[in-house]
Protein chains: 2
Amino acid sequence: MRAITRELAAFAVRSKFDDLPDIVRSEAARAFLNWMGCVFGGAREAAVDIAAAVALEAGAVPRASIIGRGERTDMASAAFVNCLSSSVLAFDDTHLATVTHPTGPVAAALFAFCEDHPIRGQDFVHALVLGMELECRLSNVLLLPPSRSNIGFYVTGLSGPIGTAVALGKLLNLDEQRMVWAIGLAAAQAAGFRVTHGTMASGFVPAQAARSGVSAALLAAKGFDCSDQVLEGPKGFLDVFSTGADLDRAADGLGERFETLSNAYKPYPCGIVIHPAIDACLEIAEQLPSDGKITQVRLKVHPLALTLTGRREPTTPLETQISLFHWAAAALRRRAAGLEEMQRTAIADPGIAGLRERIAADPEPALGRDEAIAEVMLADGGKFRSHVKNARGSLARPLTDDELDRKFISQVRSVLSPERTQDLLRRCRGIGEAADVGQDISSVWAG
Amino acid sequence: MRAITRELAAFAVRSKFDDLPDIVRSEAARAFLNWMGCVFGGAREAAVDIAAAVALEAGAVPRASIIGRGERTDMASAAFVNCLSSSVLAFDDTHLATVTHPTGPVAAALFAFCEDHPIRGQDFVHALVLGMELECRLSNVLLLPPSRSNIGFYVTGLSGPIGTAVALGKLLNLDEQRMVWAIGLAAAQAAGFRVTHGTMASGFVPAQAARSGVSAALLAAKGFDCSDQVLEGPKGFLDVFSTGADLDRAADGLGERFETLSNAYKPYPCGIVIHPAIDACLEIAEQLPSDGKITQVRLKVHPLALTLTGRREPTTPLETQISLFHWAAAALRRRAAGLEEMQRTAIADPGIAGLRERIAADPEPALGRDEAIAEVMLADGGKFRSHVKNARGSLARPLTDDELDRKFISQVRSVLSPERTQDLLRRCRGIGEAADVGQDISSVWAG
């Protein structure tokens, strides 16, 4: 059996920043920027209020920011809360092949560490890439053929702790054996399933992955040991979470092919499998006559869109994240699909609510995950059709730097002044050049 | 589909101490006594040194003891470390039908909470019973027919967080809805598999279950929400961890039949499935002539003994926990199977090491889990045979109160003075009558 636990550990330990192609470095900076924006966007949500309150009650020595809230706590708790903030609105990034959200746990752990340790920007970016890379590669092993994994597992919760532990382990300069243990201890905390989607507990799973990764790396750094074959061994990670997995997917081409380049940023705050349908409906909405009365909507979507987001009637803002029907209706009615469209007012809007009921959605296995077809029938016999082959924000149509900047600003400006928002944007964009990441970034809100 | 998440939550919320049969109350006190002894027994292990150091670095307000070490930390970390202490030597209790170790996570969380909140002994015992009960019942659902679960999962890590969250939730007076969420948040942290057995990471899984349960209960208490159907819903706990599970096992006879009464205490510090073979070898050892030269040993054991503990050559003390061969050899050579027999000196003892190689062990499906047959052949043609139908410490042959006391004393006396050891023993035995559990117990070592 291929010793992938050790192979992955050895790769992470030996990898050097200079080995990373420029495009990977700049994609990691984009991922970090998108992440930081999402942290601010979610930082005032009720779920985060609670998580921050529980963390603060432990009364730890404050070493890391609870971002966007002016509070500070210990590293593990900060990683937990900040990842929750970035995840809670389902606006975070996605490795579409596996629907993993790679940046949240890793970036949250690394940033919390950096606030208490001087870490150069390039070392931060390097660790972030390693963490995202292993996370996405393990998600590939778990979910891509020939693996037969239960779609119910929330894969970010399975691979997230491992990527996080490896990334933090890199900053802690773990040797190969300790990196093996860090992977093992993280894998032993792999957890989470999708029945919780649409509740606060959905963002909780990546948040917990962040905390688990921190714990694994800190324990391994001091010599807390573990089996050397946690990933591949019998009764181990892949044995229990996947059947028939192809181990080679984890390690083949490591350092040459980068899954980090297959990461995508969401233009809309909901499950990514909903996005192509939103695009199709937005396209049609632009063409609809203002007095057009919609009698029926037909969607054709990738089957996963219905599996993961088939809720017809959301009752809370968080439930909209798993309601394909809500977002299609909102896009048609409001010609928009932003944070406004997940509010209670939008859920209860009679125009949107009535339309949700008149949408038929069929799974179409021949479509890609970023593809959808929408047809809208009007009372006057008018018909509109849109076929979106690649959703906005997909790998074929990635958000531009400008679009990412606008997304960032739209989320941060509700917390920081316009000047500080611009300052933070600039520093996040330039994270790779920072002399001391924690100081450089947190000075924006601490100053 | 039966709404067992809500059923279990409702049961826990409505249950009253007066509803518990006397025998269940006294069994819970025995479980607590055994647990506290095991905490002291493991408190000076290297794994615990590391876990305590990581916890103390966070610098939380000290509200709970790291038992047996004179240190104090926050509730969640204390629960984690104390459960690790109780688990690390594999001397903790076992629900044999599922090989769950029920008391560790629950008792560790409850005790840490009690040190900072005045809780009466009967409320502590009540919460402990509820936690153990739900834990063992969910383990039954996961593992007993018709379920087809992967034996690789470490079931204490799956059901442990849930039992812990419910027990702590009871002390927090959660209402039914919040108890539903506590169950859900705990289940979303269900984690762990058996490839880590025989390393520090083996005790880590129950320890992490304790921490997860604490986190779930504290978040739910403040209104952190979750799906209402985490256990039974599609893409939920049972969907991903078990196939074909019988939901009724979770809730049928709740409050009437108590799984807590099917909990057993180990006389030997190793995997419980090894115990009947140890008994058989000890029996034979008593009869062997002092100059008898053993040429061969044949064991017949329940198949699970080889699946879980088939390591022939342990290289570390923790690896002996999964080595049927080591313990059979040690029992024959030393006529003993205690903490001494897991030390490096015992592993390297030529008499034991040589004998490990001459043991053949065959799985025999017709045997019970607490049953084993040993045959020993001597060079002079002598033959000895022992058939143990129920191992010491099994449900059919439970440890007596006196035996539990001796086990407790043997573990605590290495840390506390003989007087304090006796004082602690007395207070643990009488836990149900304490006016304030945390004060009453911790005064023994704090005074």
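Everything that follows concerns the structure shown earlier in this document.
Below, the structure is looked at part by part. Model, not experiment: these values are computed from the prediction. Residue indices follow the written sequence of each chain, beginning from 1 at its first position. Chains carry letters from A onward and ligands carry numbers from 1 onward, assigned in written order. Selection of residues for local features in this predicted model requires a pLDDT of at least 70, selection of side-chain atom pairs for listing and counting requires 80 or more, and totals for whole chains, interfaces and linings are taken over all residues. Excluding hydrogens and water, the side-chain values take into account all heavy atoms of the structure.

1. Focus: the relation of the copies chain B and chain A
So, step 1. We place the copies in one frame by least squares, fitting the C-alpha atoms of every residue whose pLDDT is at least 70 in both. Between chain B and chain A, which share one sequence, the superposing operator has a rotation angle of 180° and an axial displacement of 0.0 Å; the RMSD is 0.0 Å. Given the turn and translation reported, the copies of this chain are related as if by a two-fold rotation axis. Looking at the rotation axis and the C-alpha trace of chain B, the residue lying nearest is Ala60 of chain B, at 1.8 Å.
So, step 2. The residues that chain B uses at the interface reappear at the interface of chain A in 98% of cases, marking a shared surface. Pairs of residues are marked as contacts when any of their non-hydrogen atoms sit within 4.5 Å.

2. Concerning the interface of chain B and chain A
So, step 1. The interface is formed by 55 residues belonging to chain B together with 54 residues belonging to chain A.
So, step 2. Across the chain B to chain A interface the summed buried area is about 4400 Å²; carbon plus sulfur atoms make up 71%.
So, step 3. Here Glu57 of chain A and Lys222 of chain B are joined by a salt bridge, their closest N and O atoms 2.7 Å apart.
So, step 4. Whenever two N or O atoms come within 3.5 Å, that pair is a polar contact, provided that in protein one can donate a hydrogen and the other can accept it, and provided that, for residues adjacent in sequence, both atoms are side-chain atoms. Counting across the chain B and chain A interface gives 24 residue pairs in polar contact (both at pLDDT 80 or more).
So, step 5. If you list the elements that add at least two residues to the side of chain B that touches chain A, you get α3 (46-57), α4 (75-87), α8 (176-187), α9 (200-221), α10 (237-241) and α13 (303-309) of chain B.
So, step 6. Secondary structure elements follow DSSP: runs of H or I of four or more residues count as helices, runs of E of two or more count as strands, with numbering from the N terminus. No other element matches α9 of chain B, which puts 8 residues into the side of chain B that touches chain A.
So, step 7. Following the grouping adopted for this structure description, the nonpolar residues are Ala, Val, Leu, Ile, Met, Phe, Trp, Tyr, Cys and Pro, the charged ones are Asp, Glu, Lys and Arg, and the polar ones are all others, Gly among them. Along the lines of polarity and charge, the residues of the side of chain B that touches chain A split into 32 nonpolar, 15 polar and 8 charged. Buried area: the sum, over both parts, of the accessible surface (1.4 Å probe) that disappears when the two are put together. A pair is scored as a salt bridge if a Lys or Arg side-chain nitrogen falls within 4 Å of a carboxyl oxygen belonging to Asp or Glu.

3. A closer look at the sheet that holds strand β7 (residues 372-378) of chain B
Residues and elements named next belong to chain B.
So, step 1. Between any two strands, at least two bridges found by DSSP are needed for them to pair. Taken in spatial order, the 4 strands line up as β6-β5-β7-β8 in an open sheet, and their pairing is mixed. Lying at the two open borders of the sheet, with one neighbouring strand each, are β6 (359-363) and β8 (383-388). Going across the sheet, the axis of each strand differs from the next one's by a mean of 10°, ignoring polarity.
So, step 2. In this sheet, β7 lies alongside strand β5 (residues 294-301) in antiparallel orientation, the contact comprising 7 bridges. Within the sheet, the bridge partner assigned to Leu299 lies in β7 and is Ala374.
So, step 3. Note on definitions: angles span 0 to 180 degrees between N-to-C directions of axes, and those axes are lines fitted to C-alpha atoms, for helices only across the stretch in contact. Across the sheet, helix α12 (residues 275-287) is in contact with β5, β7 and β8; its angle to β8 comes to roughly 140°.
So, step 4. Against the sheet, helix α14 (residues 324-334) makes contact with β5, β6 and β7, and its axis sits at roughly 125° relative to β5, the strand it touches most.

4. What about helix α7 (residues 155-171) of chain B?
Note that an α-helix has 3.6 residues per turn; residues three or four places apart therefore point the same way.
All names here are of chain B.
So, step 1. For α7, spanning 17 residues, the distance from its first C-alpha to its last is 24 Å, which sits close to the expected 24 Å at 1.5 Å a residue.
So, step 2. To sort residues, take the accessible area from a 1.4 Å probe on protein chains only and compare it with the maximum for the residue type: under 20% means buried, over 50% means exposed, and anything in between is partly exposed. The element α7 is largely enclosed, with a buried count of 17 among its 17 residues.
So, step 3. The positive-phi residue at the C-terminal boundary of α7 is Asn173, with phi of around 55°. Expected span, for any helix, means 1.5 Å times one less than how many residues it has.

5. Overview of the nonpolar core
A general feature of soluble globular proteins is that nonpolar side chains tend to end up buried together.
So, step 1. In these notes, a set of buried Ala, Val, Leu, Ile, Met, Phe, Trp, Tyr and Cys residues joined through side-chain atoms within 4.5 Å is what counts as a nonpolar core. Judged by nonpolar contacts, the single largest core of 330 residues is most densely connected at Met36 of chain A together with Met36 of chain B.
So, step 2. Excluding residues within four positions of it along the chain, Met36 of chain A makes contact with Ile67, Phe111, Phe408, Leu424, Cys428, Ile441 and Trp445 of chain A.

6. Points about the packing of helix α12 (residues 275-287) of chain A against helix α14 (residues 324-334) of chain A
Residue and element names in this part refer to chain A.
So, step 1. Running from N to C, α12 and α14 point in directions that differ by 20°, and their axes come no closer than 8 Å. Relative to α14, α12 is oriented roughly parallel. The two elements α12 and α14 meet at a crossing, and its hand is right-handed. For the pair α12 and α14, the contacting residues are Ala277, Ile278, Cys281, Leu282, Ile284 and Ala285 in the first and Leu324, Trp327, Ala328, Ala331 and Leu332 in the second.
So, step 2. Looking at side-chain class alone, the contact of α12 with α14 contains 11 nonpolar, no polar and no charged residues. Angle categories are assigned with fixed cut-offs, so that under 35 degrees is roughly parallel, over 145 is roughly antiparallel, 65 to 115 is roughly perpendicular, and the rest are oblique. Should the near helix be turned counterclockwise from the far one by less than a right angle, the crossing is left-handed, whereas a clockwise turn marks it as right-handed.

7. Observations regarding the pattern of salt bridges
So, step 1. Applying the stated criterion to the full structure yields 58 salt bridges over all chains.
So, step 2. Close ionic contact of Asp423 of chain A with Arg427 of chain A constitutes a salt bridge, the shortest N to O distance being 2.9 Å. A residue pair is termed a helical-turn pair when its members lie 3 or 4 positions apart in one helix, as Asp423 of chain A and Arg427 of chain A do in helix α18 (residues 418-429) at 4 residues.
So, step 3. For Glu313 of chain B, the salt bridge is made with Arg356 of chain B, and the minimal N-O distance between the two is 3.0 Å.

8. Description of the packing of aromatic side chains
The geometry of an aromatic ring pair is captured by two quantities: the separation of the ring centres and the angle between the planes.
Residue and element names in this part refer to chain A.
So, step 1. Planes of paired rings set the category: under 30 degrees apart is stacked, over 60 is edge-to-face and the rest tilted, where pairs are Phe, Tyr or Trp rings (Trp by its six-membered ring) whose centres lie within 6.5 Å. A full pass over the atoms with the stated rule returns 20 aromatic pairs over all chains.
So, step 2. Between Phe237 and Phe241 the ring centres are 5.4 Å apart and the planes differ by 70°, which places this aromatic pair in the edge-to-face class. Of the two residues, Phe237 and Phe241 are both situated in helix α10 (residues 237-241); the distance of 4 residues between them amounts to about one turn of the helix. Each member of the pair, Phe237 as well as Phe241, is classed as buried.
So, step 3. An aromatic cluster is present here, built from Phe32, Trp35, Phe40, Phe111, Phe124 and Trp445 joined pairwise through their rings.
So, step 4. Charge-over-ring placement is defined geometrically: NZ (Lys) or CZ (Arg) within 6 Å of the ring centre, and within 35 degrees of the ring normal. In this arrangement the basic side chain of Lys407 is found over the ring face of Phe91, its NZ or CZ atom lying 4.3 Å from the centre.

9. With respect to the sheet that holds strand β7 (residues 372-378) of chain A
All names here are of chain A.
So, step 1. Spatially, the 4 strands line up as an open sheet ordered β6-β5-β7-β8, and their pairing is mixed. Only two strands of the sheet have a single partner each, and these edge strands are β6 (359-363) and β8 (383-388). Across the sheet, the axes of successive neighbouring strands diverge by a mean angle of 10°, strand direction being ignored.
So, step 2. Contacts from α12 reach β5 (294-301), β7 and β8, with the element oriented near 140° to β8.
So, step 3. Here α14 sits on the sheet in contact with β5, β6 and β7, set at roughly 125° to β5.

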